[in-house]
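Results of the structural survey
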Amino acid sequence: MKGEPKARILRGVYVSFVWLIILFVLLPLVTTIWVAFFSNKILSFPPEGYTGTWFIQAWTLADFRNGFLLSFQVAVSASALALVVGVPAALAIGRSQFRGREFINTILMSPLMIPAIVSGSAIYLYYIEIQIWSDFQLASTFYGLALAHTLIAIPWILRLLTASLAGLDPAIEEASLSLGASRLVTFFRITLPMIRPGITAGALFGFIASFGDLEKSLLLVGPGRITLPIAMVNYLQYRTDPTIMAVATIQVLIVAAALIISDRYVRLGRTF
């Protein structure tokens, strides 16, 4: 009995601490969306009024418009290429036992562990060496940037698809094989439909990781072409009006939509 008041106090402190952390995470996002509608030409508090013209202005600026389109194209291309590598890799790692399995898994997941600026520098130098040896240019091209972003997307596809495979009963595939279906037919008619949610979620997460990347893009974009994160950094060097907040709000909404859709297919709480 004597310990109950102390337990309640500790519980209250813990709950308060958790809510403080949640507010600390959410407050910058809420503030960004709020400031995007300020009518002030220079960021300041309190707001003089509210307007939505900053979103229109953001689209009229060539750097933001072209940066968004390039980021979108690269993210879609990287997600598609990552699926080509990630799906077979996840099937092999999740379903088979072979020598070097853990090593291959570690290599494919390594882009999550290596600092982005380090891997970006390494990829850039590698591209330069390829150009010296073969006279084939990858650095400062769309294809080189998309290949580099593929490395960002592969770990997410592998992780989410492996989680999806963990909930798949192998007996269903074995039943298909025992009834005379080939492995190829079993994959396309049985396995693929059941892991399609994981593939969709992995592709969306790969898109998010590529769309928001800054470090690799800084080193690999070509002259006169910039991605959306680079355009945002460049804009902040010279101006501080709510236009940058409008761009950030659009980026937050795109990422939030992709996360919601991903969670619809694969419960992200089980994966992380």
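A short tour of the structure in this document, coming up. What you see is a predicted model; the values in this text were computed from it and never measured. (Residues numbered from 1 in each chain as written. Predicted model: local features only at pLDDT ≥ 70, side-chain atom pairs only at ≥ 80, totals over all residues. Heavy atoms only, no water.)

**Considerations on the pattern of salt bridges**
One pass over the structure, following the stated rule, counts one salt bridge. Notably, a salt bridge pairs Glu-102 with Arg-101, separated by 2.9 Å at the nearest N-O pair. For Glu-102, a relative accessible area of 49% corresponds to the partly exposed category. On the basis of relative accessibility, which here comes to 18%, the residue Arg-101 falls in the buried class. (Salt bridge = Lys/Arg side-chain N within 4 Å of Asp/Glu carboxyl O. Buried < 20%, exposed > 50% of the residue type's maximum accessible area, 1.4 Å probe, protein only.)

**What to know about the layout of surface pockets**
Each pocket or cavity is described by its volume, and for the largest pocket that value is around 300 Å³. In this structure, the largest pocket is lined by Leu-91, Ala-92, Arg-95, Pro-170, Glu-173, Glu-174, Leu-177, Arg-183, Thr-186, Phe-187 and Thr-191. (1 Å grid on protein atoms, 1.4 Å probe; cavity = no way out; pocket = protein on both sides within 12 Å on 5 of 7 lines; lining within 4 Å. Points joined across faces, edges and corners; volume = space filled by probe spheres on them.)

**What about a nonpolar patch on the surface?**
On the surface, Tyr-14, Val-15, Phe-17, Val-18, Trp-19, Ile-21, Ile-22, Phe-24, Val-25, Leu-26, Leu-29 and Val-30 cluster together into a nonpolar patch covering about 1200 Å² of accessible area. Structurally, Ile-22 is set in helix H1 (residues 3-35). Overall, the relative accessible area of 33% leaves Ile-22 in the partly exposed class. (Patch = residues over 30% accessible without salt bridge, like charges linked within 9 Å, V, L, I, M, F, W, Y side chains within 5 Å. Areas by Shrake-Rupley, 256 points an atom, 1.4 Å probe, with all protein chains shown as cover. Helix = DSSP H or I, 4+ residues; strand = E, 2+ residues; numbered from the N terminus.)

**What to know about the packing of aromatic side chains**
Throughout the structure, instances matching the rule amount to 12 aromatic pairs. Measuring from ring centre to ring centre gives 5.1 Å for Trp-34 and Phe-38, while their planes differ by 90°; the resulting arrangement is edge-to-face. The class for Trp-34 is partly exposed, based on a relative accessible area of 38%. For Phe-38, a relative accessible area of 1% corresponds to the buried category. Ring geometry for Phe-207 versus Phe-211: centroids 5.5 Å apart, planes at 15°, classification stacked. One end of the pair is Phe-207 and the other is Phe-211, both in helix H8 (residues 183-211) and four residues apart, which spans about a single turn. Taken as a pair, Phe-207 and Phe-211 share a single burial class, namely buried. (Phe/Tyr/Trp six-rings, centres within 6.5 Å; stacked < 30°, edge-to-face > 60°.)

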